[in-house]
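Chain by chain, the residues run as shown.
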Amino acid sequence: MKPVRMWLGLLLVTLGAFGMMDVLGILSWEDTVSRWWPVALITLGLITMASERRISFGPSLVTGIGALLLLGRLGLMDASAAGPLVLLGVGVAIFVSSLNHSAPGKAAGRQSVALFGESKIRNQSEHLTHADVSAIFGGATLDLREAHIDDEATVDATALFGGVDVLVPEGWRIQMGGIPIFGGFEDKTKSQSEPAPGAPTLRVNATSIFGGVTVANKAG
């Protein structure tokens, strides 16, 4: 399942339907889109979490921001309350994400959060399965070059007005995907040759909102 592609398809279908209804005089395309556009963010976050089959920080943050914007557009929330509610939403998303990855029977994931500053964490796990790294108005580096993956592991990387670097050893198979909103993510690992058969796979789920997520073999 490719959540961003599915979301884009739904978005275009919805905008096309609104356009046809505007032509038929059923509704005003401009007024409808102006009021309801935050639903697109909510849908994007929900589709991403559904594809991952779990609640994770990045998509939760996107969903929460969309919900706050929608309440504002509908006149159900005072604009001055937006800031505190965003902080509350970020805190809840981090808390829920930490519970999700420390459930009984699961290997606990390492978590790194940079708020208005820089954070660097070196993970030397012998059986890495999952890790979280987030940068909010700051920069975060997750160094996995001394970690070992038995078969497959995941990293949830979130950059909100910040940057996240994930450092990995050569030879790992990297698979990247996620949500880019006025941001982006990039795999800068060496790719002169295909990873060896049976090479461990690292899946990086990137959420970049006015920020960037990079995977590389060494610090830039």
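Up top is the structure these notes are about.
Residues numbered from 1 in each chain as written. Predicted model: local features only at pLDDT ≥ 70, side-chain atom pairs only at ≥ 80, totals over all residues. Heavy atoms only, no water.

### Structural notes on a nonpolar patch on the surface
Phase 1: A cluster of nonpolar side chains, Trp36, Val39, Leu71, Leu74 and Leu76, forms an exposed patch at the surface whose accessible area comes to about 420 Å².
Phase 2: Topologically, Val39 is positioned in helix α3 (residues 38-52). (Patch = residues over 30% accessible without salt bridge, like charges linked within 9 Å, V, L, I, M, F, W, Y side chains within 5 Å. Areas by Shrake-Rupley, 256 points an atom, 1.4 Å probe, with all protein chains shown as cover. Salt bridge = Lys/Arg side-chain N within 4 Å of Asp/Glu carboxyl O. Helix = DSSP H or I, 4+ residues; strand = E, 2+ residues; numbered from the N terminus.)

### Quick notes on the environment of Val33
Phase 1: Along the chain, Val33 falls in helix α2 (residues 29-36).
Phase 2: Residues Val33 and Gly19, spaced 14 residues apart in sequence, show a C-alpha to C-alpha distance of 9.9 Å.
Phase 3: When near neighbours in sequence (up to four residues on either side) are disregarded, Val33 contacts Leu15 and Phe18. (Contact = heavy atoms within 4.5 Å.)

### Points about the packing of aromatic side chains
Phase 1: Overall, the coordinates contain 3 aromatic pairs when judged by the stated rule.
Phase 2: Each ring, one from Phe161 and one from Phe210, has its centre 5.0 Å from the other, and the planes form 5°; the classification is stacked. You can see Phe161 sitting in the loop between β5 (152-160) and β6 (163-167) and its partner Phe210 sitting in the loop between β9 (201-209) and β10 (212-216), a full 49 residues away along the chain.
Phase 3: Relative to Phe210, the ring of Phe182 has its centre 5.0 Å away and its plane inclined at 10°; by these criteria the two rings are stacked. Of this pair, Phe182 sits in the loop between β7 (173-181) and β8 (184-187) while Phe210 sits in the loop between β9 and β10, and the two are 28 residues apart along the sequence.
Phase 4: For Phe182, a relative accessible area of 69% puts it in the exposed group.
Phase 5: An aromatic cluster is defined as three or more aromatic residues linked by ring pairs; in this entry it consists of Phe137, Phe161, Phe182 and Phe210. (Phe/Tyr/Trp six-rings, centres within 6.5 Å; stacked < 30°, edge-to-face > 60°. Buried < 20%, exposed > 50% of the residue type's maximum accessible area, 1.4 Å probe, protein only.)

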